Amino acid sequence: MAENNQSANRVIRHRNLFRQILDNINSRIALYTLDGKLIFANRLFFEMLGLNRITEVDFSHPEWIYPDDFGIYKEALDTAIADGESESEYRCITSEGKLINMSARNILMRDNKQRPSLIVSITHDITSFKNRENAILSSRDLLETLIEHIPTGVFVKDAVTREYIVWNKVCENIYSLPKDKVIGKTDDELFGTEVANKFKSKDVEVVESGANDEYEEVLFTPEGKSFNLIKAKIPFKLKDNNDMIIGLMRDVTTDRAQERLLRQAREKALESDKLKTAFLANMSHEIRTPLNSILGFSDLMDNPDSSELDKKTYLTIIRNNGKRLLSLINDIIDVSKIECRQLEINKDMININNIIRTLHSTFELQKNKLDKAGLKIFYSIPLPDENAVLDTDQIRFEQIFTNLLNNALKFTDHGYIEFGYTIEDEKMKFFVTDSGPGIKKDDLDSIFNRFRTSKGVKSSQSGAGLGLTISKELVELLGGKIWVESEIGRGATFIFSLPYSPDNRVSSTKNVSAPTVNAGKCKWPGKRILITEDNDDVRFYLESLLKPTCIEIVFAVNGEQAVELCQKTAFDLVLMDIDLPEMDGKEAFKLIKKLNPDLPIIAETAYAMVGDEEKLRKLGFNDYLSKPFSREQLFNSISQFIN
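Right, let's walk through the structure included here. (Residues numbered from 1 in each chain as written. Predicted model: local features only at pLDDT ≥ 70, side-chain atom pairs only at ≥ 80, totals over all residues. Heavy atoms only, no water.)

### Re the overall build of the protein
As a reminder of what qualifies: In this description a helix means any DSSP run of H or I spanning at least four residues, a strand means any run of E spanning at least two, and both kinds are numbered starting from the N terminus. Relative accessibility decides the category of a residue: with a 1.4 Å probe and only protein chains considered, values under 20% of the type maximum give buried, values over 50% give exposed, and everything between is partly exposed. Contacts: residue pairs with any heavy atoms within 4.5 Å of one another. In this description, accessible areas are obtained by the Shrake-Rupley approach with a 1.4 Å probe, and a residue is regarded as covered only by the protein chains that are shown.
Across its full length, the protein holds 18 helices and 22 strands. Here the protein, with 643 residues, has 38% of them falling under the buried criterion. Relative to all contacts within the protein whose residues are 6 or more apart in sequence, the contacts with residues 24 or more apart total 57%. Only carbon and sulfur atoms are counted for the fraction: they give 52% of the accessible area of the protein, which is about 37700 Å².

As structure tokens, then:
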């Protein structure tokens, strides 16, 4: 009897010891039957549930399991019964209503006959671990998102295996290689041996030195594109001591292109500054030279010792230098308008043959004035008049041809000048050929540049260096091209081409100049003209020109006065300056036309830009004179309205 009591006491002591041990283990331990009836659970288990030890607990439908995770719990229990053991993770709800993460290990216990009888469940609170894990995952997701969307190329590769681990979207776009074809691959597999060796050399240098390396390289793609890349490679050692290489790259192609444009703009600005300096020096020379002749020979005209023959010579020199000065001013105006993109092109159907015949007559006269008897001028017009029609701007076309012919006449004293055109591939090719000294090969490329003249020319042959520049710009504005062919000692040929259609037609009378009048025979007694001009010298000049015609002259110095005179007096013609004080010529014109719509009004202005005449005619002016104008031009204009 005593022995039985002792045995029972030992069992109780062992049971209490066992319970005490289990109650102090930092795990939740429960022993229950296969149908879910609790046999034993330690203190932490009951504390988690907020229950006491006498409360019945059903493990077949545990209320402490988070509803969404009951399937996980049930599957793990079935696995333990079938396989003897299982592990799982699920969420539990504590007695305080908190949600905690649990890691559970279920072990199947068997009876003496090896029949499944009990389940031992050992669970641990892994909430803190899960929180840290989630934080790490969130950080990783954040880092991956940053790497993927940062506007810099980011890649990471193993320094030993040379396999890529990270390859973001910018890298994909630069190299046209998607991430799924890069990750796990090496440089040799992706870029070929030559490029791979270059990359490897940089990688080895970075790893061995332990220092960052930044450099720029040019990437050429298989499609023929090129990228300027700034790259940085950074050595990085993992906790396991494995070497990694972090790479950063930025596409600076646009930056480099902008830098080139800035350099070019700077060079252009410097060149422009040099050209402006050259322009001022050149213009000073070109303006002062004719002015010196005009002022000098004007003084000699006043010299009582000068003979009549000398005075005629002086007058010719003054007139020629005045024309030279006017031509220079016109060239400067054209260059200015071309630079400002304000030069207007007014195309129309014109007869080329008529223009070439007129140019031939004009330059024959110039040749004779220059006393170049040994020079012959020929022209070639292969098309009949009805087919020699071009859709272009007549004034600009004549200006181009005149510049080229002036150039040929300037440099050719003997031999010949031939000009004309040929038809080739729906283009009309115009040419001016001379037998002059020719142009050096080194000068051919710059002959059309501003202020450039062929080196070694005589001072008598020099000019402002604007004519060929203007011609080139005009040809291009008309939709054509211009070039020169020449050799020293074999003359030069300037050629320009313009689009041509054989279907063009125009009256053969077009482009024929209006007949001129003999200014010395013009007599207009009984006629009255109103001249509106605010400049005293111009009024005196006009009065001197018109006095021999016996016409009655009335002057107005502004537009308002002109309108008042027209209200009181009948006039046969009005000569109207445009730039007037108080009321300008255009406003005065409108008011006078309201008073007398049939009264002819001729515009005269110093603003003689191409296109001004057309604008004034559209306003209703009957004719147009640009200052300075000659006696013949003035009398021709007046004769259209006064018989």
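Past the structure itself, the notes keep going.
### Describing a negative patch on the surface
Convention followed: What goes into a patch is any residue over 30% in relative accessible area without a salt bridge, connected to like charges within 9 Å or, for nonpolar side chains (Val, Leu, Ile, Met, Phe, Trp, Tyr), within 5 Å. Basic side-chain nitrogens of Lys or Arg form a salt bridge, by our definition, when they fall within 4 Å of a carboxyl oxygen of Asp or Glu. All tallies of charge rest on Lys and Arg as positive and Asp and Glu as negative; His and the ends of each chain are not included. Positions of charges follow a simple convention, taking NZ of Lys, CZ of Arg, CG of Asp or CD of Glu.
The grouping of Asp534, Asp579, Asp584 and Glu587 at the surface amounts to a negative patch. Turning to its location among the elements, Asp579 is positioned in the loop between strand S20 (573-577) and helix H16 (585-595). Taking the relative accessible area as the measure of exposure, Asp579 reaches 42% and is therefore partly exposed.

### Some thoughts on the side chain of Asp158
Rules: We define a polar contact as two N or O atoms separated by no more than 3.5 Å, with the added condition that, inside protein, one atom must be a possible hydrogen donor and the other a possible acceptor, whereas residues neighbouring each other in sequence contribute only through side-chain atom pairs.
Mapped onto the elements of the fold, Asp158 is located in strand S6 (residues 153-158). Within the buried set, Asp158 has no salt-bridge partner at all; the shortest N-O distance to an opposite charge, 8.7 Å, is to Arg162. At 2.7 Å, the side chain of Asp158 and the backbone nitrogen of Val160 are in polar contact.

### Comments concerning the sheet that holds strand S22 (residues 623-626)
Cut-off, in case you're wondering: In this analysis, strands are considered paired if DSSP registers two or more bridges between them. In this analysis an axis means a line fitted to C-alpha atoms, helices contributing only their contacting stretch, and an angle means the value between N-to-C directions, from 0 to 180 degrees.
On the basis of which strands lie adjacent, the open sheet formed by 5 strands has the order S19-S18-S20-S21-S22 and parallel pairing. Edge strands, defined here as strands with exactly one partner in the open sheet, are strand S19 (552-556) and S22. Across the sheet, the axes of successive neighbouring strands diverge by a mean angle of 20°, strand direction being ignored. Sheet topology places strand S18 (residues 528-532) next to S20; 4 bridges connect them, and they run parallel. What sits directly across from Leu530, in S20, is Val574. Where helix H14 (residues 536-546) meets the sheet, it contacts S18, S19 and S20, and its direction lies at approximately 170° from that of S19. Across the sheet, helix H18 (residues 631-639) lies against S18, S20, strand S21 (601-605) and S22, angled at about 170° from S22, the strand it touches most.

### What about the pattern of salt bridges?
Any two side chains of opposite charge can pair, so long as their charged atoms come close to each other. Enumeration according to the criterion identifies 29 salt bridges in this entry. Its salt-bridge partner being Lys237, residue Asp243 comes within 2.6 Å of it at the nearest N-O pair. Lys237 sits in the partly exposed class, given a relative accessible area of 44%. Across the salt bridge formed by Glu424 and Lys429, the nearest N and O atoms sit 3.2 Å from each other. On the basis of relative accessible area, Lys429 is assigned to the partly exposed category, the value being 22%. When salt bridges with common partners are traced through the structure, they connect Lys157, Arg162, Asp187, Asp203 and Lys233 into a single cluster.

### Details of a nonpolar patch on the surface
A grouping of Ile287, Leu291 and Leu295 is seen on the molecular surface, where their side chains present a nonpolar patch of about 240 Å² in accessible area. Take Ile287: it is sitting in helix H8 (residues 253-301).

### A look at the environment of Asp434
By the secondary structure assignment, Asp434 is in strand S15 (residues 427-434). Each C-alpha atom of the pair Asp434 and Thr412 lies 6.8 Å from the other, and the pair is 22 residues apart in sequence. In this structure the side chain of Asp434 is engaged in a polar contact, spanning 2.9 Å, whose partner is the backbone nitrogen of Gly436.

This is a description of form; function is not addressed.
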